[in-house]
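Summary of the model geometry
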Amino acid sequence: MPTIQGGCLCGAVRYRCDAAPLMTAICNCKNCQRQTGTSFSILVAVPKGTLVMERAQPDTYRDMGESGLPVLRRFCSKCGSPIFSEVAAVPAMDFIKAGTLDDTSWLEPQVNIWCDSAQKWVHMSDAIPRVPRNPPPA
Ligand SMILES: [Zn+2]
Ligand SMILES: [Zn+2]
């Protein structure tokens, strides 16, 4: 697997991570749909502290998770690209929005989450689990 690196649409925000991803997921929650303007987020979870911003720091929208705890949605303040999220309920990980990766050739989502709010036309693979809302705690 290549080093995880990527950035926003305008290039102001660039990141890298030398750690191996802990999991990859497709999130069909309504808030990801709104933030991305599309049908789902593709998430690559990496160990907290391993994701390094190399240029501008992203801006933050403080969202609320179903847990009642904050979800900090980090995005480029120039072009609006969502970059990653910090989920207070899952403090050991950062969740990169995988559409911002330079190289997605290795990417293979392992689970579909928030399937209860998935858009009707989205075809989900039968090869990976479907979870109605948040996955159960690991
Ligand atoms: Zn940008
Ligand atoms: Zn989501």
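Structure's up top.
What you see is a predicted model; the values in this text were computed from it and never measured.

A look at the pattern of salt bridges
Here the structure, examined in full by the defined rule, presents eight salt bridges. Its salt-bridge partner being Lys 48, residue Glu 86 comes within 2.8 Å of it at the nearest N-O pair. Of the two residues, Glu 86 sits in strand S8 (residues 82-87) while Lys 48 sits in the loop between strand S4 (41-47) and strand S5 (51-53), which places them 38 residues apart along the sequence. A salt bridge links Glu 66 to Arg 133; the shortest N-O distance between them is 2.4 Å. Of this pair, Glu 66 sits in the loop between strand S6 (59-64) and strand S7 (70-75) while Arg 133 sits in the segment after strand S10 (111-113), placing them 67 residues apart in sequence. Salt bridges linked by common partners bring Lys 48, Arg 74, Glu 86 and Asp 94 together as one network.

Brief notes about the coordination of the zinc ion (ligand 1)
Summarising the metal site, the zinc ion (ligand 1) is bound by the protein donors Cys 8 (SG), Cys 10 (SG), Cys 76 (SG) and Cys 79 (SG), whose distances to it range over 2.3 to 2.4 Å. Around the zinc ion (ligand 1) sit four donor atoms, and with donor-metal-donor angles ranging over 106 to 113° the site reads as tetrahedral. Sequence spacing among the residues donating to the zinc ion (ligand 1) works out to C-x1-C-x65-C-x2-C. Looking at Cys 10, the relative accessible area reads 43%, which means it is partly exposed.

Re the coordination of the zinc ion (ligand 2)
Ideal values differ by geometry: the angle at a metal is 109.5 degrees with four tetrahedral donors, but 90 or 180 degrees with six octahedral donors. Bound to the zinc ion (ligand 2) are the protein donor atoms Cys 27 (SG), Cys 29 (SG) and Cys 32 (SG), situated 2.1 to 2.3 Å from the metal. Taken in chain order, the donor set of the zinc ion (ligand 2) reads C-x1-C-x2-C. According to the relative accessible area criterion, Cys 29 is buried, its value standing at 11%.

Rules used in this analysis
Residues numbered from 1 in each chain as written. Chains lettered and ligands numbered in written order. Predicted model: local features only at pLDDT ≥ 70, side-chain atom pairs only at ≥ 80, totals over all residues. Heavy atoms only, no water. Salt bridge = Lys/Arg side-chain N within 4 Å of Asp/Glu carboxyl O. Helix = DSSP H or I, 4+ residues; strand = E, 2+ residues; numbered from the N terminus. Donors = N, O, S within 2.8 Å, 3.2 Å for Na, K, Ca; no water. Tetrahedral: all angles 85-135°; square planar, octahedral: opposite > 155°, others 65-115°. Buried < 20%, exposed > 50% of the residue type's maximum accessible area, 1.4 Å probe, protein only.

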